[in-house]
Amino acid sequence: MYDIVYYHEAESVQDAVRALTEHPEARVIAGGTDVLVQIREGRFGPCELVSIHELRDELWGVTLDEDETICIGPITWFHAVNTDPICQERIPVLCDACDTPGGPQLRVSGTVGGNLCNGITSADTASTFFAFGAELVLEGPNGRRVVPIEKWYAGPGKTVREQNEVLVQIRIPKSHYEGFTGEYIKYGKRRALEIATMGCCCLVKLADDHETIEDVRFAYGVAGPNPCRSEAAENIARGKTVAEAAPLVGEAALEDLHPRDSWRASKDFREQLIKEMTKRALVEAAAKGGSTASWK
Amino acid sequence: MEMRILSCTVNGKPVQVGYDVRECLLDTLHDRLGLTSVKRGCEVGECGACTVLIDGVATDTCLYLTAWAEGKTIETVEGLQAPDGTLDVVQQAFVDEFAVQCGFCIPGLIMSAEEMVRSGKTFTRDEIRKCLSGHLCRCTGYQNIVNAVEKATNLVNGMVGEEASGTEEVA
Amino acid sequence: MALINPAPPADSLAPERAGAARFTQVGKPVTRIDAVDKVTGRAKFTYDLLPTDHLVAKVVRSTIASGRVLSFDLDEALAEPGVVAIFTCLDEGLPTYQFASPGHPWVVDPEERGDIEDRTLMDSRVRQYGDTIGVLVAEDTVAAERALRKIKVEYEEYPVVFTYEQSQDPDYAPPIHEECPNNVQADWLTEVGVEEAGYSSMEELLHDPQYHSGSYHMRTPRQQQAHIELCLSFCYEENGQIVCVTSTQIPHIVRRVIGQALEIPWGDVRVIKPFVGGGFGNKQDVLYEPLNAWVCHKLGGRCVLLELTREEVFEQTRSRQPKDYYGEACWDDDMNLVARSCEGFSNSGGYASHGQAIIANGLGSFRFMYSGQEKACRTRALTFYSNQATAGAMRAYGVPEATWAAECMVSDIAHDMGWDGADFRAKNAIKLGYEDVTWPAPLICQSNGIQECIERGRELIGWDEKKRRYANETGPVRHGVGMSLLCYKCSVGGLELETASARMTLNQDGSVVLTLGATEIGQGCDTVMCQMCAEVLGVPVEKVHIVSTQDTNISPYGAGAYASRQTYVTGMTIKQVGAEFKAKILDYARYLKPYYNGQDLDIADSWVVDAAGRRVISLEELSTIAYYDRKRSDQIEASGTTEEDVNSFCLGACFVDVTVDIPMATVTVNQIVQVHDSGQIINPKTAEQQVHGGIAQSLGMGLYEELIEDPATGKTRNGNLLDYKIPTTMDVPDLTAEFVETWDPTGPFGNKSLGEPPCIPCAPAIRDAVLDATGVKFYEAPMTQQRLFEGFKAAGLL
């Protein structure tokens, strides 16, 4: 039993925003896999909840806009994104990332929107959304606003979302994904039911020779307090072939990323992982675009 | 906290039950409906012992508020036996393959396997391992559990080799 | 002496069945009798039996690791709606009896008691983070948790003792227990063979220049049992007794300890053990049952639930004691180990629990296992108190740790000398006829299939071929094969009391009710007990109905599920009580059929048969008459207790194949083969189950599992199933379990034991395989990715 003192099952996004505004201590709950765990830990004390769990009509599913922007409903389960035909065709690396949190049961409760709203650096889809430059649409009492993911995070476990705002859509414009292939590597201590020790997503666009890197993005989870990119690694790779870039990107990434020591992993171990994962993610992402380079 | 009434379908029967809004479905199924197969192992979605099918999807009930179950169809192992007492194909495979030891994780595992059987697919052993990876078991090393799920999915969905004869048995 | 796999002795039970088919029920893959109940959800575990109308107790825990409680402020907590009562360690009139928690039989003579009685229900002296300083009772868990957060405690704090060195510095902190001023529970030195080998000291032998020598420092982790059912009990009063329903391995011992802790007659306590969702040693300890019983009694016998959270199970029950081992060895050029020494330091935490027994037991196996060529061996076992969480028994009781130590040494020697690890181990393994001179009763290796285990495992893993194939690999990803042996005693027989009781009752239909003290906790005990009982009686196994629940009002005494003892020890009891029971049945048959007076009768397939095997009367007919006979009405029943001090050695070998990704610091275990000599196997399928599960636990110890404490506060950092990594379905490869079936003359059916041995050898076998793959030696388990990284970096591979 959870220490819940107010519970409202929202009937629409507007209703949720209203309830949140009326109850300034209330939190949004969607899939429950983060919020309920935190309530149980006693982190909030007696807790007020506004549930958007049942708002499938408004907040569930993946659609394609006229301009081929991919629009993802925030309460869509990880598993539903993973198996969605639009995502599988256009952004399969997000499907791969959605296949990694927890175990199968978590992936049919946990939502991609929750994975962004929790603000956690280890969130498995966050680095991939970061690489795609996702745009996050919030709805509050004053209407909607769009936040680019680069401006979403506000410190460990924090985002710019206001208490009475609801994330209503995650958008990935066509120019952000067209021509890119990608690879997400989750590094954990075991192979399931795992929180990432380090996560790395690489998106790469190759020239017609399938080896020269036209554009590339490297995004990371757990390399800092929030998901982040490494421009240094991107800059050094651009214009080179995959084979030329592979040995260089890891060291370059360390110019931007400054992981810290913790009981879970030491700083130098995390640095080793960043180096190796950056390289492998590039090679594997490029392989999907036809490159024959090897990381070995 | 206030009490509400939940209306849903549990193991094929329409159910109305009073619940405290603070409850998760694990509490309601176990404590109020007496479905004791729904086990508490961690309360935070890490062990899978409380897994049931909600609208056919294997779900951890410790992280599922009872309020969300309104109108849903819920299944637990208590509902799997045929009216004449015959065990369901997954249950029988777990018995025959010696997949059961202490048995605490088993009802949840059976429900995940049930979802696999109903998918109409067959699975490689690696795929089975992945589909069951939301369940922790400390007794079995998973070997016989994977064997049992492989057997059940092949019996129902496989049409080749030795499994074909078994398909007719369960058909 | 022709001890190798001797032919079965003429079996008094069934002399006509000598040879391969001598058993009709034992040795068969009988379906587990609890399987259907467990797949249908009908099997009731402790929580499933909880009455709806109950109160909830939560332990009030210290938020420091060492110190003393000075005062409580309970006002706010008591004002929380739903709170029923709060009892604290500063209350007047608490029971003062200091009790010992481990699951061992009581020792009547105080001089002989090995377990340290160092606990009370609650104590103002805080000895570990989360120590019990009170208990709170509320109407539900939400009210209880809210109130817990509102309790204010004032402490006097002491420096936190974490290491052996700190524990030995009298200026650093006050003793953790006043009765133990130096914080050392025990320090035992065992040295064998030095004089006989012609040396004046072990040091002289170890450093004899004619031999090679080496020294080693190994560490093993605080591994947790991590059974999936939590630790919980509920208590209520009925019929003048406190009834405690609990998930335990040791129901009769729980009754005794509740009686002691509450200072009430033991018969005033009734303990009921329903189905148990795993124990692995954690529940071979009396945990919170006494506190639960006491608080129930304080509240007038109302039903009170005391269920720990998963976090509490990790932090506040038991675990393997973390250990340091300092080893030395010397060996010659002909693959002979000449002498070994191992000093082990075990950190039991704030209380002794099983204390010194664990490391001492482990180091015994260190000595036995590689005694084959050895001239001398020295072990030192030391257990100390610290302010860490209290550790206790976990499956295989110190032997996985000591085997890690022994195998690190053997693995290094074979690697450095360029010897084949399988050949080296085979040559130095324990031999048939080995007698341990340190054991109080004869402890002799009476059956020995270790060579066959090694041969078979070597073949199954493809050892020789893989050794060749992997030999010259370079690059970031490499492969290796590795192995380890295991050696484990069959029980505690000879050292401690080994006793078991059984009762057999004939039903009207000729079936038998079997009531035991032996405890099913998931390992399959009930099934094999039924098989053994059926074998002894000459009835089909389905005619034996076992009472799975132990209820101390009903069940005969048994010490419980530990030491892998039940099949071996209770098997002997079943054999003896079964013989008496059968004699009573046959006696009644002669009463009904006086023609057979003076003739041999037997029972086969539920019929009384004559010496020629001809059917005389069915058990069903006999029993129905016996119940209702107007002249000699008799519910035929036999019961009894046996105690034993025999013992023998279970043996085995594990082989693994691994892939090591050096830059990513990961080990993937591709294949595991484990071959056991546990004598005759009572049920090959349930035996295989035990092996599979043990392998996965050892794999966890080798790669993933350790509880980590914050050195500043003593609080456990990873006490949950996400951060404490037990292997998932995706971490365990396909497993191969096989048996080499020797005949052990001490076992009731030629059997030895099997419960714990499977969890011993996989971790060191993985270590050996990583060495094979990379040339890097690891000494600390688990080989986490962090440690692999550090090791590869230090070796220049990164």
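These numbers were taken from a predicted model, which means no experiment stands behind them. (Residues numbered from 1 in each chain as written. Chains lettered and ligands numbered in written order. Predicted model: local features only at pLDDT ≥ 70, side-chain atom pairs only at ≥ 80, totals over all residues.)

Draft legend 1. Expanded view of the pairing of strand E22 (residues 607-610) of chain C. Residue and element names in this part refer to chain C. Taken together, the four bridges between strand E21 (residues 601-604) and E22 define a ladder with antiparallel strand orientation. Residue pairing in the sheet places Ala-604 in a bridge with Trp-607 of E22. Hairpin connection between E21 and E22: a loop of two residues separates the two successive antiparallel strands, and Asp-605 in this loop has a positive phi of roughly 50°. The pairing of E22 with strand E23 (residues 615-618) spans three bridges and is antiparallel. Residue pairing across strands places Trp-607 opposite Ser-618, the latter belonging to E23. Between E22 and E23, which follow one another and run antiparallel, lie four residues, and Gly-613 among them has a positive phi close to 90°. (Pairing = 2+ DSSP bridges. Helix = DSSP H or I, 4+ residues; strand = E, 2+ residues; numbered from the N terminus.)

Draft legend 2. Layout of the sheet that holds strand E25 (residues 649-661) of chain C. Residues and elements named next belong to chain C. Reading across the sheet, the four strands line up as E16-E25-E26-E27 and stay open at both edges, with mixed pairing between neighbours. Pairing within the sheet leaves two strands with one partner each, and these edge strands are strand E16 (477-489) and strand E27 (735-739). Taken over all neighbouring pairs, the strand axes of this sheet differ in orientation by 15° on average, direction set aside. Sheet analysis places strand E26 (residues 666-677) next to E27, joined by five bridges and oriented parallel. Counterpart to Gln-674 in the pairing with E27 is Ala-737. Across the sheet, helix H13 (residues 463-470) is in contact with E16 and E25; its angle to E16 comes to roughly 145°. (Axes fitted to C-alpha atoms, helices over the stretch in contact; angles between N-to-C directions. Contact = placed C-beta atoms within 7 Å.)

Draft legend 3. Inspection of the interface of chain C and chain A at higher detail. Taken together, the contacts link 24 residues of chain C with 16 residues of chain A. Along the lines of polarity and charge, the residues of the side of chain C that touches chain A split into 11 nonpolar, six polar and seven charged. (Nonpolar A, V, L, I, M, F, W, Y, C, P; charged D, E, K, R; others polar.)

Draft legend 4. Structural context of the UniProt feature "domain: FAD-binding PCMH-type" (unreviewed entry) in chain A. Feature annotation in UniProt places "domain: FAD-binding PCMH-type" (unreviewed entry) on residues 1-177 of chain A, given in this structure's numbering. Regarding residues 1-177 of chain A, the helix share stands at 31% and the strand share at 22%, and the terminal C-alpha atoms are separated by 43 Å. (UniProt positions renumbered as here; feature names shortened; annotations may be inferred.)

Draft legend 5. Highlighting the pairing of strand E17 (residues 499-506) of chain C. Residues and elements named next belong to chain C. Pairing of E17 with strand E24 (residues 637-643) involves seven bridges; the strand directions are antiparallel. The residue bridging Met-504 from the neighbouring strand is Ala-638, located in E24. Counted between consecutive antiparallel strands, the loop separating E17 from strand E18 (residues 512-516) contains five residues, among which Gly-510 sits at a positive phi close to 90°.

Draft legend 6. How the structure looks around the sheet that holds E22(C). Residues and elements named next belong to chain C. The antiparallel open sheet is built from three strands, whose spatial order is E21-E22-E23. The open sheet is flanked by E21 and E23, the only strands paired with a single partner. The mean inter-strand angle of the sheet, taken between neighbouring strand axes irrespective of direction, is 30°. Running at roughly 115° to E21, helix H15 (residues 566-592) makes contact with E21, E22 and E23 of the sheet. Against the sheet, helix H16 (residues 619-628) makes contact with E21, E22 and E23, and its axis sits at roughly 50° relative to E23, the strand it touches most.

Draft legend 7. Main features of the interface of chain B and chain C. Listed by partner, the interface residues are 41 residues for chain B and 46 residues for chain C. Counting only elements with at least two residues in the side of chain B that touches chain C, the list comes to helix H2 (89-96), helix H3 (106-118), helix H4 (125-131) and helix H5 (143-157) of chain B. Split by residue class, the side of chain B that touches chain C holds 20 nonpolar, 13 polar and eight charged.

Draft legend 8. Structural detail: the domain arrangement of chain B. All names here are of chain B. Once the domains are mapped, chain B shows domain 1 (3-79) and domain 2 (89-170). Computed over C-alpha atoms only, the centres of domain 1 and domain 2 are separated by 23 Å. Taken residue by residue, the interface counts 15 residues in domain 1 and 13 residues in domain 2. Elements represented by at least two residues in the side of domain 1 that touches domain 2 include exactly strand E3 (51-54) and strand E4 (57-60). A total of three residues in the side of domain 1 that touches domain 2 trace back to one element, the largest contributor, which is E3. (Domains from an automatic or database assignment.)

Draft legend 9. Expanded view of the confidence of the model for chain B. When pLDDT is averaged along chain B, the result is 93; 92% of the residues meet or exceed 70. Across the predicted assembly, pTM comes out at 0.97 and ipTM at 0.97. (pLDDT = per-residue confidence, 0-100.)

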